[in-house]
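The lines below spell out each chain.
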Amino acid sequence: MWTIPRPLLNRILDHARRSLPAECVGLLSGQGKTASAWHPLPNQSQDGRRFYADESALIQVLRQLRETGEDLVAIYHSHPDSEAVPSLTDRQQAHYPNTLYLIVSLLTSGRLEMNGYLIQDGEAILQELLISD
Ligand SMILES: [Zn+2]
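Just so it is clear, the model here is predicted, and its values are computed rather than measured. For every chain, the first residue of the written sequence is number 1, and numbering continues from 1 along that sequence. Where totals are concerned, whole chains, interfaces and linings use all residues; where local detail is concerned, this predicted model gives features only for residues with pLDDT of at least 70, and gives and counts side-chain atom pairs only at 80 or more.

1. What to know about the overall build of the protein
Right, so step 1: Helix and strand definitions here come from DSSP, where helices need a minimum of 4 consecutive H or I residues and strands a minimum of 2 consecutive E residues; each element is numbered from the N-terminal end. The helix and strand tally for the protein stands at 3 helices and 8 strands.
Right, so step 2: If you list the helices and strands of the protein from N to C, you get β-α-β-β-α-β-α-β-β-β-β.
Right, so step 3: In this setup the radius of gyration rests on C-alpha atoms only. A globule is expected at 2.2 Å times the number of residues raised to 0.38. By the compact-globule yardstick of 14 Å for 133 residues, the protein fits well, its C-alpha radius of gyration being 14 Å.
Right, so step 4: Expressed along its principal axes, the backbone C-alpha trace of the protein runs to roughly 35 × 30 × 30 Å.
Right, so step 5: With 133 residues in all, the protein has 32% of them scored as buried.
Right, so step 6: In the protein, the proportion of contacts linking residues at least 24 apart, taken out of those at least 6 apart, comes to 60%. Here a residue counts as buried when 20 or more other C-beta atoms sit within 10 Å of its C-beta, as exposed when there are 12 or fewer, and as partly exposed otherwise, the C-beta atoms being derived from the backbone. C-beta atoms are placed from the backbone for every residue, and two residues are taken to be in contact when these atoms lie within 7 Å.

What follows is the structure, encoded as structure tokens:
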């Protein structure tokens, strides 16, 4: 069970909407499986049809987490016009087997559709999410 506070979810959704028609990408940090902070990253993908986090921004956040003793809890990105299911590319490019991959779908207008997965050896395993207040 992974815990994500609702205010962080709202920030992810805002980020996803502002990034349209491109995908957005970012990180959640915290302790173990509980997220407590939001770190949006620039999407370096040329066409915005996939996500590729800006490397230096990513390294900067990971360095900051090491200093504060926080864990990388989740990596999120959006799917502007497909379901909240990892694509083949998502599964092939997932290099953090113990980090939650959150996918927000904007396919359903007005309603937040989000799923979380662990991706290990190219296999996506759906995770149970608890949205806390
Ligand atoms: Zn994706």
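Alright, that's what it looks like, and here's the rest.
2. Describing the pairing of strand β5 (residues 100-105)
Right, so step 1: Judged by how many residues are buried, β5 sits mostly within the fold: 5 of 6 residues are covered.
Right, so step 2: Only strands joined by at least two bridges in the DSSP assignment are considered to pair. The pairing of strand β4 (residues 71-79) with β5 spans 6 bridges and is parallel. Considered in β5, the bridge of A74 is made with L100.
Right, so step 3: As paired strands, β5 and strand β6 (residues 113-120) are joined by 5 bridges and run antiparallel to one another. Bridge pairing links Y101 to Y117 in β6.

3. Considerations on the nonpolar core
Right, so step 1: A set of buried Ala, Val, Leu, Ile, Met, Phe, Trp, Tyr and Cys residues, joined to one another through C-beta atoms within 7 Å, is what we call a nonpolar core. L28, A74 and Y101 are the most contacted members of the largest nonpolar core, which has 31 residues in total.
Right, so step 2: Not counting residues within four places of it along the chain, the set of residues in contact with L28 comprises I4, L8, A35, A37, W38, V73, A74 and Y76.

4. Thoughts on helix α1 (residues 6-18)
Right, so step 1: Multiplying 1.5 Å by the helix residue count minus one yields the expected span of that helix. The end-to-end C-alpha distance of α1, which contains 13 residues, comes to 18 Å, matching closely the 18 Å that a straight helix rising 1.5 Å per residue would cover.
Right, so step 2: Taken together, the buried positions of α1 are occupied by L8, L9, I12, H15 and A16. Axial view of α1: buried residues confined to an arc of 120°, hence all on one face. Turned more than 90 degrees off the buried face of α1, the exposed positions are R6, P7, N10, D14 and R18.
Right, so step 3: On its buried side, α1 packs onto β1 (2-5), β2 (25-31), β3 (34-41), β4, β5 and β8 (129-132). The arc in question is the one spanned by the directions pointing from the helix axis to the C-beta atoms.

5. Quick word on the environment of A35
Right, so step 1: Inspection of the secondary structure assignment puts A35 in strand β3.
Right, so step 2: On the basis of neighbour counts, which here come to 26 C-beta atoms within 10 Å, the residue A35 falls in the buried class.
Right, so step 3: Separated by 16 residues in the primary sequence, A35 and S19 have C-alpha atoms spaced 22 Å apart.
Right, so step 4: In this structure, A35 is in contact with T3, I4, P5, L8, L28, S29, G30, V73 and A74, ignoring residues within four places of it in sequence.

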